[in-house]
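Per-entry structural report
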Amino acid sequence: NKYNMAIKKEDVLEALKGVLYFPKHDNVVALDMVRDIKVEGKNVSFAIFFSERDEQNENTVRQACISAVINNVDNDADVDVEIRFPSDPLAKIKYIVAVASGKGGVGKSTVAANLAIGLSKLGLKTGIVDADIYGPSIPLMFDVVDAKPMVKEEGGQQWIIPVEKYGIKVLSVGFFVDPSKALIWRGPMASNALKQLLGETEWGELDYLVVDLPPGTGDIQLTLAQDFKISGIAVVTTPQEVALADVIKGINMFAGEKI
């Protein structure tokens, strides 16, 4: 009688293949949502990992998992299911400050780098993200052109470890692309690159994170304004009237996104 036998992890996993997660049209095992199965006697515990909140289905999936184990593995099993979500890597950052400009070549990256250095010299824990995908210059300014950030896996997700230089945590899109090749990125690709640089990096505790944006008012700026909590924005310009007109456009865009 299988109900008198010890419960095996493999049997639990097999049973969970029968639990579907409807929004993704597959079972929770195939979708890699099952984590940390532990079996002690009749006690079975595991976590179900959702890549984002889904209040409609969280409880349904949990109950279906419990039923699947009891009905298919052992009637007497005591099943404990924990619902998990990705941790927020930006949770321990006090202020995110964006540095933007209307056009290229006005010294925006220099301002961003000096701002980060200045904050760090005040004794504040500081990081800088180079999100200028069309011309990442922060690696050159921080003398880390050949740096390759480490990646670690935790909680079923990969996390980028920023490079440290001059006591500042540095991350640039330039670390991941060939700097000698011109990049032609479509909007969604650019936005996703920003989301990865900010949201899939182990920043730890920071007082300030400076974000060096590409020039103009494109997808990256919109993504930053809409998806992240920006504390302030510094807009860099030269004094010519034409340059100022572009800056006003940029400020209006960020103001319109209710920063």
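Structure: see above.
Quick look at the structure, then. (Residues numbered from 1 in each chain as written. Predicted model: local features only at pLDDT ≥ 70, side-chain atom pairs only at ≥ 80, totals over all residues. Heavy atoms only, no water.)

Let us look at the packing of helix H1 (residues 9–16) against helix H2 (residues 55–72). Where H1 contacts H2, the two axes come as close as 9 Å, and the packing angle between them is 120°. Accordingly, the angle class assigned to the pair H1 and H2 is oblique. Classified by chirality, the crossing of H2 by H1 is right-handed. Of the residues in H2, those touching H1 at Val12, Ala15 and Leu16 are Cys65, Ala68, Val69 and Asn72. A breakdown of the residues in the contact of H1 with H2 according to their chemical character gives 6 nonpolar, 1 polar and no charged. (Axes fitted to C-alpha atoms, helices over the stretch in contact; angles between N-to-C directions. Helix = DSSP H or I, 4+ residues; strand = E, 2+ residues; numbered from the N terminus. Parallel < 35°, antiparallel > 145°, perpendicular 65-115°, else oblique. Left-handed = near helix turned anticlockwise from the far one by under 90°. Contact = heavy atoms within 4.5 Å. Nonpolar A, V, L, I, M, F, W, Y, C, P; charged D, E, K, R; others polar.)

The next subject is the nonpolar core. Within the largest apolar cluster, 44 residues are counted, with the highest numbers of intra-cluster contacts made by Ile128, Leu209 and Leu224. Contributing elements (two or more residues each) for this core: strand S6 (93–101), helix H3 (108–121), strand S7 (126–130), strand S11 (168–172), helix H5 (187–199), strand S12 (206–212), helix H6 (219–227) and helix H7 (241–256). At 5 residues, the largest contribution of residues to this core is made by S6. Ignoring any residue separated from it by four or fewer positions in sequence, one finds Leu209 in contact with Leu90, Ile93, Tyr95, Ile96, Val97, Gly127, Ile128, Val129, Leu198 and Trp203. Val28, Ile48, Val61 and Cys65 belong to the second-largest nonpolar core, a separate cluster that totals 24 residues. (Core = buried A, V, L, I, M, F, W, Y, C linked by side-chain atoms within 4.5 Å. Buried < 20%, exposed > 50% of the residue type's maximum accessible area, 1.4 Å probe, protein only.)

Following the sequence through the fold, Asp130 ends up in strand S7. Of the polar contacts made by the side chain of Asp130, one reaches the backbone nitrogen of Asp132; its length is 3.2 Å. Once you skip the residues sitting within four places of it in the chain, Asp130 turns out to touch Pro136, Ser137, Ile138, Pro139, Leu171, Ser172, Val173, Leu197 and Asp212. (Polar contact = N/O pair within 3.5 Å; in protein donor to acceptor, adjacent residues only side chain to side chain.)

Take the packing of aromatic side chains next. For the coordinates displayed, the defined rule picks out 4 aromatic pairs. Here the aromatic rings of Tyr21 and Phe50 are separated by 5.4 Å at their centres, their planes lie at 85°, and the arrangement is edge-to-face. Here the residue Tyr21 occupies a position in strand S1 (residues 20–21), and Phe50 occupies one in the loop between strand S4 (43–49) and H2, the gap between them amounting to 29 residues. Per residue, the accessibility class of Tyr21 equals that of Phe50, and both read buried. Members of the aromatic cluster, each reached through a chain of ring pairs, are Tyr21, Phe50 and Phe85. Over the ring of Phe49 we find Arg35; its NZ or CZ atom is 4.3 Å from the centre of that ring. (Phe/Tyr/Trp six-rings, centres within 6.5 Å; stacked < 30°, edge-to-face > 60°. Lys NZ or Arg CZ within 6 Å of the ring centre and 35° of its normal.)

On inspection of all chains with the given rule, the structure shows 13 salt bridges. Residue Asp212 is joined to Lys108 by a salt bridge in which the shortest nitrogen-to-oxygen separation is 2.9 Å. Residue Asp212 is found in strand S12, and its partner Lys108 is found in helix H3; the two are separated by 104 residues along the sequence. Measuring nitrogen to oxygen at the nearest pair gives 2.7 Å for the salt bridge that ties Lys152 to Glu202. Of this pair, Lys152 sits in strand S8 (residues 150–154) while Glu202 is found in the loop between H5 and S12, placing the two residues 50 residues apart along the sequence. Taking the relative accessible area as the measure of exposure, Lys152 reaches 27% and is therefore partly exposed. Beyond isolated ion pairs, a larger network of salt bridges with shared partners links Asp36, Glu82 and Arg84. (Salt bridge = Lys/Arg side-chain N within 4 Å of Asp/Glu carboxyl O.)

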